[in-house]
Amino acid sequence: MDVQVQEKENVTVIYLDGKLDGNAAPLVQEKIMTHVLAGCRLVIDLSKCDYISSAGLRILLMIAKQLAREGGKWGLSSASPEIIDVMDMTGFNSLFTHYDTVADAVSALKKEA
Amino acid sequence: MLRVDLSPTHTHGEYKLRVGKPLPFGATIVPGGVNFSIYSRHATSCELVLFEKRAPKPCAIIPFPDEFRIGNVFSMIVFDLDFENIDYGFRIDGPFNPEAGQRFDKTRILMDPYAKVIGGRDVWGQAPDWDDIYQHRARICFDDFDWDDDHPLEVPVEDLIIYEMHVRGFTKHPSSGVKYPGTFAAIREKIPYLKKLGVNCVELMPIHEFDEFENSRLSPVDGRLLVNYWGYSNVGFFAPKAGFAATGKFGMQVDEVKALVKELHKNGIEVILDVVFNHTAEGNERGPYISYRGIDNKIYYILTPEGYYFNFSGCGNTLNCNNPIVRNMILDCLRYWAADYHVDGFRFDLASILGRDQYGAPMHSPPLLETLAFDPILGKCKLIAEAWDAGGLYQVGSFPAWGRWAEWNGKYRDDLRRFIQGETGMVGVMSQRLQGSPDLYGWLGRGACASVNFVTCHDGFTLMDFVSYNGKHNEANGENNSDGGNDNYSWNCGWEGESTDPAVNKLRAKQIKNAAALLLVSQGTPMILSGDEFGNTQWGNNNAYCQDNEISWLDWDLLNKNKELFEFFRKMVNFRKVHPALRSRTHFQNKDYMGSGYADITWHGTKAWNADWSATSRTLAFMLCGKHAKEGKAKDCSIYVAMNMHWDMHGFELPKLLKGMLWYVAVNTDAPSPQDIWDVGEEKKLGNQGEFLVGPRSVVILTGK
């Protein structure tokens, strides 16, 4: 898994490329958590993430909980319909909003800011 | 916290190891690795077998060093495992001496009896690779879940309305209109429907991992594949059926089931699991080695003195439920489903087997049943027994209960059916059934709710078939119509099977309404078979265990066609919920202990206060005094129910109410829809307060207020 970070209009966009599973989880957690700060605005883009395992879902959930504690706002973008369905069916979708594109996510989070 | 036992002490090839913890059994994620623990009393050695997920050959076979065994338990921590991507099993050596009950075979790879996720049949109906050396693969499971504030609902048992369903059959039919038909996720999509119907509990037919391909075969009649569709044959007791999960192909079935339970709870609906502890999918001596047989045959199964399998289950073997080891496994299993899945209760298939000793003899006070009755974690769970087995034990009314166990009341089903189809000699026994069967449960602190009342269940005719067929039509099962019960007490209303005759269909609809009305005014806990509320048919098949097709799948188009039935059921369910007089936990006392002027229940007939108890009677009526609702703790109006199961109309003289109170019509199954049932609050004031003409084969319900 490759993790790239970009700043766009005061929103941190994190691009995940590859499989988000138990092997990738520690790296992803480490890279994302440094951006989970009070009042942060965060987008995790999944356009190049073709698979999320149980461990991967749990990483996203932990990020969501941490963000809620810190008062940050965040969203996912560009997840495949299958990944969105999996998140829904396994109950992992309650803590975030999904946007079709990074641009949508950035503009929504920026507005909320 | 720093610990001194988190580092490896041994190696095996590239694998780093340490002695494990014997408890809990199974595979547990621990800091840095996975703890594997398995019991076998008669094993001489044990190996852990690891596969990359779905790989045909193992990537490692790690013997448990002798110092890793404590007592009869082998336990080991393996460090740095990519546990999301492995399958694990065991190979166990020991004596092969069938006459002495031992069948160890160190060449077999055995599934962990405590496996929380089981692969191998990940997608329903996908043909397995029969050459695979490890068919049912234990996998490692995350046991965390974001439950928020979810908690088992603990709906008082007297207020429960159970809805029995097959996870796949509920939504597999294309007419269901869900995104992932036949899955746990699809049930979530149907929650609005369940709420509309008004039930507050779903009872799921077996959802433990089973093998739909067990004894699969082509039907000699139509060439269709017949499978183990119902799933009353466990591969593993701790793992949900992967093939029922839309996410089973990703191994996420645990989270999918938990998400379903959480969502049902959020909507006020409890979850009861139908659990099958009477046998396993290993069958008899000709069956496969899946797990138990190769781990410790003699411990897990009840064996004949010659070492063959006793068959009290009718399925080849009998789980040795009152062996202390097996008893603990069952307890661990139920605790796991209650604590980790927030399940609200259990219905035990062929539960009488759970009361047999290690030689198969029924016990007076079976330790397993007592343990479950008093277990602290299961303390608020509903425990429901199917109080018979295939070995001839029939314990309806006498199941060892300790005031905790309820029963599927098979006598209720049979008596109600016989009464509805117009048999004589039934009014006396019907009076018992309507009261929560005090003749069966009036002892030992059991009460009305020890009786789970039902007219139909998965096993037997659907309600529509009960009024459409005189006999079973199981030809499609490929056994020359010899399978399935013959004691259906059904009546086809004049024509066998589907009919275009309006008179036949009108009578059928009325008989269905009669059954629904009586079920929902009976004391005890009612259970509705899913689909009955819209007239689902199995075309006379009363044993559809192998039919993974339109025979078993609910046809949701019927909901539109038979709207009249659905509306009747929906309003009847609501009627029950609104009237606490129908939901007493204890049996009636047949006296006026509230000083209302009326006893809690009184019996009537065509003449008020004078029921016809004669052998030729087909009429009966009763009145519940609202002041006695829930033993006087709840307020209700009076309820009068008249039952005329004769083919002629009869006038029923009505009991007089206290001054100023009047009778209102809530239900009259003889009236055309929508006048057959009135919404609560919309009941019609009766013109003639002295008598009601009850139509042929009809039920009338009045409220007095």
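Residues numbered from 1 in each chain as written. Chains lettered and ligands numbered in written order. Predicted model: local features only at pLDDT ≥ 70, side-chain atom pairs only at ≥ 80, totals over all residues.

## Here we look at unusual backbone geometry
Residues and elements named next belong to chain B. Following L23, the chain continues into P24 via a peptide bond in cis, with omega recorded as 0 degrees. Its location among the elements puts P24 in the loop between β2 (15-19) and β3 (26-30). Of note in this structure, S437 is not a glycine but carries a positive phi near 50 degrees. By the secondary structure assignment, S437 is in the loop between α9 (427-434) and α10 (438-441). Assessed through the 27 C-beta atoms surrounding it within 10 Å, S437 is described here as buried. Phi at E631 is positive, roughly 55 degrees, even though this residue is not glycine. (Helix = DSSP H or I, 4+ residues; strand = E, 2+ residues; numbered from the N terminus. Buried ≥ 20, exposed ≤ 12 C-beta atoms within 10 Å, placed from the backbone.)

## A few points about the packing of helix α8 (residues 410-420) of chain B against α9(B)
For any two helices packed against each other, the geometry comes down to the angle between their axes and how far apart the axes lie. All names here are of chain B. The contact between α8 and α9 brings their axes to 10 Å, and the two run at 130 degrees. Looking at the two axes, α8 sits oblique to α9. Crossing handedness for the pair α8 and α9: left-handed. Residues Y412, D415, L416 and F419 of α8 form the contact with α9, whose own contacting residues are V429, M430 and R433. A per-class count over the contact of α8 with α9 returns 5 nonpolar, no polar and 2 charged. (Axes fitted to C-alpha atoms, helices over the stretch in contact; angles between N-to-C directions. Parallel < 35°, antiparallel > 145°, perpendicular 65-115°, else oblique. Left-handed = near helix turned anticlockwise from the far one by under 90°. Contact = placed C-beta atoms within 7 Å. Nonpolar A, V, L, I, M, F, W, Y, C, P; charged D, E, K, R; others polar.)

## A short note on the interface of chain B and chain A
Many analyses report the size of an interface as the accessible area lost when the parts associate. Taken together, the contacts link 16 residues of chain B with 12 residues of chain A. Ranked by residue count, the leading element in the side of chain B that touches chain A is helix α4 (residues 253-266) of chain B, at 5 residues. Looking at side-chain class alone, the side of chain B that touches chain A contains 6 nonpolar, 2 polar and 8 charged residues.

## Remarks on the nonpolar core
Membership of the largest hydrophobic core comes to 250 residues, with the highest contact counts inside it found for A:V43, B:V641 and B:I701. Broken down by element, the residue count for this core peaks at 10 residues, all from helix α12 (residues 502-521) of chain B. Not counting residues up to four positions away in its chain, the partners in contact with A:V43 are A:V11, A:V13, A:I14, A:W74, A:G75, A:S77, A:V102, A:A105, A:V106 and A:L109. (Core = buried A, V, L, I, M, F, W, Y, C linked by C-beta atoms within 7 Å.)

## Details of the sheet that holds strand β29 (residues 684-685) of chain B
Residue and element names in this part refer to chain B. Spatially, the 6 strands line up as an open sheet ordered β24-β25-β26-β31-β28-β29, and their pairing is antiparallel. Edge positions in the sheet fall to β24 (601-604) and β29, since each has one partner strand and no second. Of the strand pairs in this sheet, strand β28 (residues 663-668) and β29 are connected by 2 bridges, and their pairing is antiparallel. Looking at β29, one finds that Y664 is bridged to K685. Strand contacts of α12: β26 (638-644), β28 and β31 (698-704), with the helix running at about 40 degrees to β31, the strand carrying the most contacts. (Pairing = 2+ DSSP bridges.)

## Here we look at the pairing of strand β8 (residues 73-79) of chain B
All names here are of chain B. Burial analysis of β8 places 5 of its 7 residues in the buried class, the great majority of the element. Relative to β8, β2 is paired through 3 bridges, and the arrangement is antiparallel. Looking across to β8, one finds that R18 is bridged to I77. Inspection of the sheet shows strand β4 (residues 33-39) paired to β8 by 7 bridges, in the antiparallel sense. Bridging from a neighbouring strand, N35 pairs with I77 of β8. As paired elements, strand β7 (residues 69-70) and β8 share 2 bridges and run antiparallel to each other. Residue I70 lies in a different strand from β8, and its bridge partner there is V73. In this antiparallel pair of consecutive strands, β7 and β8, the connection spans 2 residues, and G71 shows a positive phi of 55 degrees.

## Side note on helix α2 (residues 54-70) of chain A
An ideal rise of 1.5 Å per residue puts 24 Å on 17 residues; α2(A) measures up with 24 Å between its terminal C-alpha atoms. Within α2(A) the residues assigned to the buried category are A:S54, A:A55, A:G56, A:L57, A:R58, A:I59, A:L60, A:L61, A:I63 and A:L67. The inward-facing, buried residues of α2(A) abut β2 (11-20), α1 (25-33), β3 (41-52), β4 (73-77) and α3 (81-89) of chain A together with α4 of chain B. (Expected span 1.5 Å × (residues − 1).)

## Re the packing of α12(B) against helix α14 (residues 563-578) of chain B
Residues and elements named next belong to chain B. Between α12 and α14, the shortest axis-to-axis distance is 10 Å and the interhelical angle comes to 15 degrees. Between α12 and α14, the angle is such that the two are roughly parallel. Handedness of the α12/α14 crossing: right-handed. Along the contact surface, α12 presents A509, I512, K513, A516, A517 and L520, while α14 presents E564, L565, F568, F569, M572, V573, F575 and R576. Of the residues contributing to the contact of α12 with α14, the split by class is 11 nonpolar, no polar and 3 charged.

## Details of the pairing of strand β18 (residues 270-275) of chain B
Residues and elements named next belong to chain B. The element β18 is largely enclosed, with a buried count of 6 among its 6 residues. Burial along β18 is two-sided: E270, I272 and D274 and V271, L273 and V275, pointing in opposite directions, are all buried. Two elements, strand β15 (residues 201-204) and β18, share 4 bridges in a ladder whose sense is parallel. Across the sheet, E203 pairs through a bridge with I272, a residue of β18. By the bridge criterion, 4 bridges tie β18 to strand β19 (residues 345-348) in an arrangement that is parallel. Directly across from V275, in β19, lies its bridge partner F348.

## Describing the domain arrangement of chain B
Residues and elements named next belong to chain B. Domain annotation of chain B identifies domain 1 (10-139), domain 2 (157-581) and domain 3 (589-704). Put simply, the middle of domain 2 and the middle of domain 3, counted by C-alpha atoms, are 32 Å apart. In this assembly, 29 residues from domain 2 lie in contact with 34 residues from domain 3. Looking at the side of domain 2 that touches domain 3, the elements that each hand over two or more residues are α8, α9, α12 and α14. Top element by residues in the side of domain 2 that touches domain 3 is α14. It accounts for 8 residues. Among the residues making up the side of domain 2 that touches domain 3, the classes are represented as 14 nonpolar, 10 polar and 5 charged. (Domains from an automatic or database assignment.)

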